[in-house]
Each structure stands twice: as C-alpha cells, then as structure tokens.
Amino acid sequence: YILLLFIVFLWTKQRSASMDLFCHVFWYVGIVFVSKEWDDTGKAMSSINWFKLAIPFYLAINFKAGSLSEKVRDLSRVQDKLVSPERMVFLTQQKVDANAGEDLSQEQLEELHSQYVVCKPDDLSV
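Engineer: Explain the overall build of the chain here, please?
Structural biologist: Each helix and strand in the chain was counted, giving 5 helices and 2 strands. Along the chain, helices (α) and strands (β) appear in the sequence α-α-α-β-α-α-β when read from the amino end. Long-range pairs, those at least 24 residues apart, make up 63% of the contacts in the chain with a sequence separation of at least 6. Accessible area of the chain: about 10000 Å², with a carbon and sulfur share of 64%.

Engineer: What is the right way to read the packing of helix α4 (residues 85–98) against helix α5 (residues 106–115) from this model?
Structural biologist: How two helices pack is summed up by the angle between their axes together with the distance between the axes. One can describe the packing of α4 onto α5 by two numbers: an axis separation of 11 Å at closest approach and a directional angle of 140°. Taken as axis vectors, α4 and α5 run oblique relative to one another. Here the hand of the crossing between α4 and α5 comes out right-handed. Residues Met88, Leu91, Thr92 and Lys95 of α4 pack against Leu109, Glu111, Leu112 and His113 of α5.

Engineer: What is the right way to read a nonpolar patch on the surface from this model?
Structural biologist: On the surface, Trp27, Tyr28 and Ile31 cluster together into a nonpolar patch covering about 330 Å² of accessible area. Along the polypeptide, Tyr28 turns up in helix α2 (residues 15–39).

Engineer: Sorry, what's going on with the environment of Lys81 here?
Structural biologist: Within the secondary structure, Lys81 sits in helix α3 (residues 50–81). Exposure remark for Lys81: the relative accessible area of 38% places this residue in the partly exposed category. Along the primary structure Lys81 and Ser114 are separated by 33 residues, whereas in three dimensions their C-alpha atoms are 9.3 Å apart. With residues near it in sequence (within four places) discarded, Lys81 still touches Ser114, Gln115, Tyr116 and Val117.

Engineer: Even after reading the chapter, I still don't get the pattern of salt bridges, so can you show me in this structure?
Structural biologist: It is possible for side chains bearing opposite charge to pair when their charged atoms get close. Counting across every chain of the model gives 4 salt bridges. For Arg77, the salt bridge is made with Asp74, and the minimal N-O distance between the two is 2.8 Å. Placement of the pair is Arg77 and Asp74 together in helix α3, with a separation of 3 residues, close to one helical turn. Classification of Arg77 by relative accessible area gives partly exposed; the value is 46%. On the accessibility criterion, Asp74 (33% relative accessible area) is partly exposed. Through salt bridges with shared partners, a single network forms among Asp20, Lys64 and Lys71.

Engineer: In this structure, what is going on with the packing of aromatic side chains? I would like to understand it.
Structural biologist: Any two aromatic rings considered together are summarised by their centre-to-centre distance and by the angle between their planes. Within this structure, the stated rule accounts for 3 aromatic pairs. A ring pair is formed by Trp27 and Phe57, whose centres lie 4.9 Å apart and whose planes are at 80°; its orientation type is edge-to-face. Highlighted residues: Trp27 in helix α2 and Phe57 in helix α3, separated in sequence by 30 residues. Residue Trp27 is classed as partly exposed on the basis of its relative accessible area of 41%. Among the aromatic side chains, those forming a connected cluster through ring pairs are Phe22, Phe26 and Phe63.

Engineer: Please clarify how the environment of Met88 should be interpreted in this entry.
Structural biologist: In this fold, Met88 is placed in helix α4. Aside from chain neighbours lying at most four places away, what touches Met88 is Val83, Leu112, His113, Tyr116 and Val118.

What counts and what doesn't
- Residues numbered from 1 in each chain as written.
- Predicted model: local features only at pLDDT ≥ 70, side-chain atom pairs only at ≥ 80, totals over all residues.
- Heavy atoms only, no water.
- Helix = DSSP H or I, 4+ residues; strand = E, 2+ residues; numbered from the N terminus.
- Contact = heavy atoms within 4.5 Å.
- Areas by Shrake-Rupley, 256 points an atom, 1.4 Å probe, with all protein chains shown as cover.
- Axes fitted to C-alpha atoms, helices over the stretch in contact; angles between N-to-C directions.
- Parallel < 35°, antiparallel > 145°, perpendicular 65-115°, else oblique.
- Left-handed = near helix turned anticlockwise from the far one by under 90°.
- Patch = residues over 30% accessible without salt bridge, like charges linked within 9 Å, V, L, I, M, F, W, Y side chains within 5 Å.
- Salt bridge = Lys/Arg side-chain N within 4 Å of Asp/Glu carboxyl O.
- Buried < 20%, exposed > 50% of the residue type's maximum accessible area, 1.4 Å probe, protein only.
- Phe/Tyr/Trp six-rings, centres within 6.5 Å; stacked < 30°, edge-to-face > 60°.

If you want it as structure tokens, here you go:
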C-alpha cells in the first residue's frame, strides 16, 4: 500500500509536497525503529545492526533533497517568465511587426501576457 501511495503522490502536481510528506514519514519510522531497538533491554548496544536502522533516515534525507530540487526547478520556471515592462513593450512590438504592422487582437495580447509575467523592481531596493 505504501508503494502505491508513493507512486500516486509522485505523479501529482505537488511533487515537492508529497516528497516532504514521505520525508517526514520515513523520519518518524526511523525514530520508531531506533526507540524500539533501544527499549529491548536484552540486547547489547554493540549487537544492534545500525546500518538497518539508518535506512529510513537515509530515505528521508533523499526525499528532502528531491523536494528541494523540485522547489528550485519550480522557481526557475517562474523566473524564466519574468520580464521588465520595457522588454514586454519590445516583445509586443516584435509581435506587431510579425503581423505585417497590424495591431494585435485581444486574443493575441492575452496569449502574450499569459506567456510572461511583467515585474518592475522597487526603485528603493535597487
């Protein structure tokens, strides 16, 4: 069941959120396994297989790294769409020139504005 849940969550649009969820799940599973081994009073600490106990923690670390790489990838996709107002005017002019000098229709303008996000930096922060 967990493997099926894992596959379903990874194919959703919120991959970084599902990876964060699995990171927390494996972290807590690791804590439970370690506490179970420590509570077993009949075993000596040297006889505990620490490599097996570390597997959930390694999985949690890998899921966290995957989640962070997804977040960076999402931010770079958004950043690629950012343009200045001057650049947007230039892109609009290029579209007009490609239309043989005719003005753009409302649909063409909406398409152009959906491809880019116009941002103007605050003059005080620059």
